[in-house]
Amino acid sequence: MKKTRLQKVLATALAVTTIAGMTLTVGASDSAPAASSAESASAAAEQVVAAAVPSTSAVTVAGQKIVTTVEGAYLAKTVDGVAVMTPAADIKSAYGLTASQKLYAMVMDTDQAKSYNAMASLTAAAAALNATMGPVLNIDLGYKENGKYTGLPSDGAEIMMTIAIPESFQDASASYAVVVVRTGGVITVLPDLDGNVETITFNMTNGGCYALVKF
């Protein structure tokens, strides 16, 4: 997609935020309460941390293999790799972490049946943007200290991430972005920064359900 078209798409993000926020608010009033995506990711992360399952992940950007800077549990199967690009030392400094607080990442495929409120918001957002939605991930970044996991705040410094787009979702004629929904129905559209059809690189703050979309 041409740059001008992407600019028009991103210009609608504010309207999408309102629409999707209303969708999630209505869903939250249903008789069956749904846990927020951030809460789901944190709970899963705590289980993985408790089980002491170390893992790393890597992506290939413009022919260069890049290994994530943050150790963690990279459990997502619907994408071909996820990497934290921001140096770990920079993240620790930005969030004021101490030497004993070890960064930890939790990346998993969103359970779309259980996260129905978040999925309703993401679906509405993708429709409003006239975009096709691909894999949806829960991403939670935090730190471990004394065997306990604590998530980073959602309003902190931006962290650069790269996700490898599965071959079935690649389209050389399309442009990509990430749509994220957080607790309270806040929707944000994060543009792709690398222009590589095989990856999406974006700046994020912590927590939420992240959907890959293409235009």
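In this text, all values refer to a predicted model and were calculated from it rather than measured experimentally. (Residues numbered from 1 in each chain as written. Predicted model: local features only at pLDDT ≥ 70, side-chain atom pairs only at ≥ 80, totals over all residues. Heavy atoms only, no water.)

Draft legend 1. Representation of the overall build of the protein in the model. Along the backbone of the protein there are 5 helices and 12 strands. Considering only residue pairs separated by 6 or more positions, the protein has 73% of its internal contacts joining residues 24 or more positions apart. Taken as a whole, the protein presents about 9900 Å² of accessible surface, with 55% of it coming from carbon and sulfur. (Helix = DSSP H or I, 4+ residues; strand = E, 2+ residues; numbered from the N terminus. Contact = heavy atoms within 4.5 Å. Areas by Shrake-Rupley, 256 points an atom, 1.4 Å probe, with all protein chains shown as cover.)

Draft legend 2. Spatial organisation of the packing of aromatic side chains. Under the counting rule described, the total for this entry stands at 3 aromatic pairs. Both rings, one in Tyr104 and one in Tyr149, keep their centres 6.3 Å apart while their planes meet at 75°; by these two values the pair is edge-to-face. In this pair, Tyr104 is assigned in strand β5 (residues 102-109) and Tyr149 in strand β7 (residues 148-151), connecting sequence segments 45 residues apart. For Tyr149, a relative accessible area of 5% puts it in the buried group. Ring centres 5.9 Å apart and planes at 65° place the aromatic pair Phe169 and Tyr176 in the edge-to-face group. (Phe/Tyr/Trp six-rings, centres within 6.5 Å; stacked < 30°, edge-to-face > 60°. Buried < 20%, exposed > 50% of the residue type's maximum accessible area, 1.4 Å probe, protein only.)

Draft legend 3. The side chain of Arg182, seen in detail. Considering the arrangement of structural elements, one finds Arg182 in strand β9 (residues 176-182). Despite its burial, Arg182 pairs with no opposite charge, the nearest such side chain being Glu158 at 8.6 Å. Among the polar contacts listed, one links the side chain of Arg182 to the backbone oxygen of Gly207, at a separation of 3.2 Å. (Lys, Arg positive; Asp, Glu negative; His and termini not counted. Salt bridge = Lys/Arg side-chain N within 4 Å of Asp/Glu carboxyl O. Polar contact = N/O pair within 3.5 Å; in protein donor to acceptor, adjacent residues only side chain to side chain.)

Draft legend 4. Structural detail: the sheet that holds strand β11 (residues 199-204). Within the open sheet, the 3 strands sit side by side as β4-β8-β11. Their pairing is antiparallel. Every interior strand has two partners, whereas the edge strands, β4 (82-84) and β11, have only one. Each neighbouring strand pair of the sheet contributes to a mean axis angle of 20°, computed without reference to strand direction. Alignment of β4 against strand β8 (residues 159-164), held across 3 bridges, turns out to be antiparallel. If you follow Val82 over to β8, its bridge partner there is Ile163. (Pairing = 2+ DSSP bridges. Axes fitted to C-alpha atoms, helices over the stretch in contact; angles between N-to-C directions.)

Draft legend 5. Seen up close, the environment of Ala62. Following the sequence through the fold, Ala62 ends up in the loop between β1 (58-61) and β2 (64-67). Relative accessible area serves as the criterion here: at 71%, Ala62 is assigned to the exposed category. Counting along the chain gives 137 residues from Ala62 to Thr199, while the straight-line C-alpha distance between them is 8.9 Å.

Draft legend 6. A look at the nonpolar core. One finds Met161 and Phe202 to be the most contacted residues of the largest nonpolar core, which totals 32 residues. Elements with a minimum of two residues in this core: β4, β5, β6 (132-145), β8, β9, β11 and β12 (209-214). Of the residues forming this core, the biggest block, 4 residues, is contributed by β6. Among all residues touching Met161, those that are not within four sequence positions of it are Val82, Ala83, Val84, Met85, Ile139, Leu141, Ile200, Thr201, Phe202 and Met204. With 16 residues, the next largest nonpolar core counts Ala131, Val179, Val181 and Val213 among its residues. (Core = buried A, V, L, I, M, F, W, Y, C linked by side-chain atoms within 4.5 Å.)

Draft legend 7. Summary view of the pairing of β8. Counting buried residues in β8 gives 5 out of 6 residues, a clear majority hidden from the surface. Pairing between β8 and β11: 6 bridges, direction antiparallel. Bridging across to β11, Ile159 finds its partner in Met204.

Draft legend 8. Fine view of the environment of Leu122. Topologically, Leu122 is positioned in helix α5 (residues 116-128). Distance in space between the C-alpha atoms of Leu122 and Cys209 is 8.5 Å, their sequence separation being 87 residues. Filtering out sequence-adjacent residues up to four positions away, Leu122 remains in contact with Met133, Val136, Val179, Val180, Val181, Ile187, Cys209 and Ala211.

Draft legend 9. Quick look at the pairing of β9. The buried count for β9 comes to 7 of 7 residues, which makes it a mostly enclosed element. Alternating residues of β9 divide into Tyr176, Val178, Val180 and Arg182 and Ala177, Val179 and Val181, and every residue in both groups is buried. Two elements, β9 and β12, share 6 bridges in a ladder whose sense is antiparallel. In the sheet register, Ala177 faces β12, and the bridge partner there is Val213. Pairing of β9 with strand β10 (residues 186-191), which is carried by 6 bridges, proceeds in the antiparallel orientation. Within β10, the position partnered with Val180 by the bridge is Thr188. In textbook terms, the turn of a hairpin is the stretch between consecutive antiparallel strands, and for β9 and β10 this stretch comprises 3 residues, one of which, Gly184, has a positive phi near 95°.

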